[in-house]
Amino acid sequence: DGGITQSPKYLFRKEGQNVTLSCEQNLNHDAMYWYRQDPGQGLRLIYYSQIVNDFQKGDIAEGYSVSREKKESFPLTVTSAQKNPTAFYLCASSRGTPLETQYFGPGTRLLVL
Amino acid sequence: DQQVKQNSPSLSVQEGRISILNCDYTNSMFDYFLWYKKYPAEGPTFLISISSIKDKNEDGRFTVFLNKSAKHLSLHIVPSQPGDSAVYFCAASDRYQLIWGAGTKLIIKP
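Let me sum up the structure you'll find in this document. (Residues numbered from 1 in each chain as written. Chains lettered and ligands numbered in written order. Predicted model: local features only at pLDDT ≥ 70, side-chain atom pairs only at ≥ 80, totals over all residues. Heavy atoms only, no water.)

**Structural notes on the interface of chain B and chain A**
The accessible area lost on association of the parts is a frequent measure of interface size.
Logical step 1: Chain B puts 17 residues into the contact, and the matching count from chain A is 17 residues.
Logical step 2: Carbon and sulfur atoms supply 61% of the area buried between chain B and chain A, which totals about 1500 Å² over both sides.
Logical step 3: The three residues of chain B that bury the most area against chain A are B:Pro44, B:Gln97 and B:Trp100, which together make up 30% of that side's buried surface.
Logical step 4: Our enumeration of links across chain B and chain A arrives at 2 residue pairs in polar contact (both at pLDDT 80 or more).
Logical step 5: Going through the elements one at a time, strand E4 (32-38), strand E9 (86-93) and strand E10 (98-100) of chain B are the ones with two or more residues in the side of chain B that touches chain A.
Logical step 6: By residue number, the principal contributor to the side of chain B that touches chain A is E4(B), which donates 3 residues. (Contact = heavy atoms within 4.5 Å. Buried area = accessible area lost by both parts, 1.4 Å probe. Polar contact = N/O pair within 3.5 Å; in protein donor to acceptor, adjacent residues only side chain to side chain. Helix = DSSP H or I, 4+ residues; strand = E, 2+ residues; numbered from the N terminus.)

**Considering the sheet that holds strand E8 (residues 76-78) of chain A**
All names here are of chain A.
Logical step 1: Strand order across the open sheet formed by 4 strands is E1-E3-E8-E7, with antiparallel pairing between neighbours. Lying at the two open borders of the sheet, with one neighbouring strand each, are strand E1 (4-7) and strand E7 (64-66). Recorded for the sheet is a direction-independent mean angle of 20° between the axes of neighbouring strands. (Pairing = 2+ DSSP bridges. Axes fitted to C-alpha atoms, helices over the stretch in contact; angles between N-to-C directions.)

**Some points on the packing of aromatic side chains**
Aromatic rings considered in pairs are described by the distance between their centres and by the relative angle of their planes.
Logical step 1: Following the criterion strictly, the structure yields 13 aromatic pairs over all chains and no others.
Logical step 2: The interplanar angle of 25° and the centroid separation of 6.3 Å between the aromatic rings of A:Tyr33 and A:Tyr35 together place this pair among those described as stacked. For the pair A:Tyr33 and A:Tyr35, one class covers both residues: buried.
Logical step 3: Here A:Tyr35 and B:Trp100 contribute two aromatic rings whose centre-to-centre distance is 5.7 Å and whose plane-to-plane angle is 80°, an arrangement assigned as edge-to-face. Residue A:Tyr35 is found in strand E4 (residues 31-37), and its partner B:Trp100 is found in strand E10; the two belong to separate chains.
Logical step 4: Taking relative accessible area as the criterion, A:Tyr35 reaches 1% and is therefore assigned buried.
Logical step 5: Linked through ring pairs, A:Tyr33, A:Tyr35, A:Tyr48, A:Phe104, B:Tyr36, B:Phe46, B:Phe89 and B:Trp100 together constitute an aromatic cluster.
Logical step 6: Here the guanidinium or amino end of A:Arg68 rests over the ring plane of A:Phe74, the centre of that ring lying 6.0 Å away. (Phe/Tyr/Trp six-rings, centres within 6.5 Å; stacked < 30°, edge-to-face > 60°. Buried < 20%, exposed > 50% of the residue type's maximum accessible area, 1.4 Å probe, protein only. Lys NZ or Arg CZ within 6 Å of the ring centre and 35° of its normal.)

**Thoughts on the nonpolar core**
Logical step 1: Core analysis: the biggest nonpolar cluster contains 24 residues, and B:Val4, B:Phe33, B:Trp35, B:Leu73, B:Leu75 and B:Tyr88 have the highest contact counts within it.
Logical step 2: Listed by contribution, the elements that provide at least two residues to this core are strand E3 (19-25), E4, strand E5 (45-51), strand E7 (62-67), strand E8 (72-77), E9 and strand E11 (104-109) of chain B.
Logical step 3: Per element, the largest residue contribution to this core is 4 residues, and it comes from E9(B).
Logical step 4: Within the second largest apolar cluster, 20 residues are counted, among which are A:Ile4, A:Leu21, A:Ile60 and A:Leu76. (Core = buried A, V, L, I, M, F, W, Y, C linked by side-chain atoms within 4.5 Å.)

**Some thoughts on the state of the cysteines**
A covalent bond between the sulfur atoms of two cysteines is referred to as a disulfide.
Residue and element names in this part refer to chain A.
Logical step 1: The final tally for this structure, using the stated rule, is 2 disulfides over all chains.
Logical step 2: One disulfide bridge connects Cys 23 with Cys 91, the sulfur atoms lying 1.9 Å from each other. Taking the sign of the torsion about the S-S bond as the criterion, the disulfide between Cys 23 and Cys 91, at about -75°, is left-handed. Linking Cys 23 in strand E3 (residues 19-25) with Cys 91 in strand E9 (residues 87-94), this pair joins segments that are 68 residues apart in sequence. (Disulfide = S-S within 2.5 Å.)

Take a look at the structure:
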């Protein structure tokens, strides 16, 4: 049963804390993406990776970091430098370029305590 | 500066009637457009797409129309069903990334 999993579903962050959101896919897709969704706005690209050990910044990468050590995994770290982290975070994957259909995980909602 | 705009935050339609969701874009370099559907607490799922070389693409109850001169596309759902109640996102591609609209919440009334 192929798909994308994200964990946790809800995450709470304290001031000054780094937190890591997990994203795993078993679709054998080369490309993976992280988006942020805020109320009343479209999805905004944080980072994307088209191949293992390579990734590029999206429009709103400041305060975030990623790694792509395995094809299946693309974790996102929200660092303390991200001053407004409260949002819904979506991970997606596609076979290759953004023109390919992107498949999304169920999302992680991050809240600041 | 929003390059992809969905100006209606919500739309209410009677079951069985036609739902029309609209999307405008500003960048003439966009050459591929997609619609995604999203239920609460789930990720978006791909619905239908259209290349800029076409002006219409149909898939069952869903039809997307593209008017390049007006930089406008629309999604038609006929007939509308209760399961169509969701948020619909329009997205445009410039070959490097997808630019997303803010979404339109469609409510199908029984």
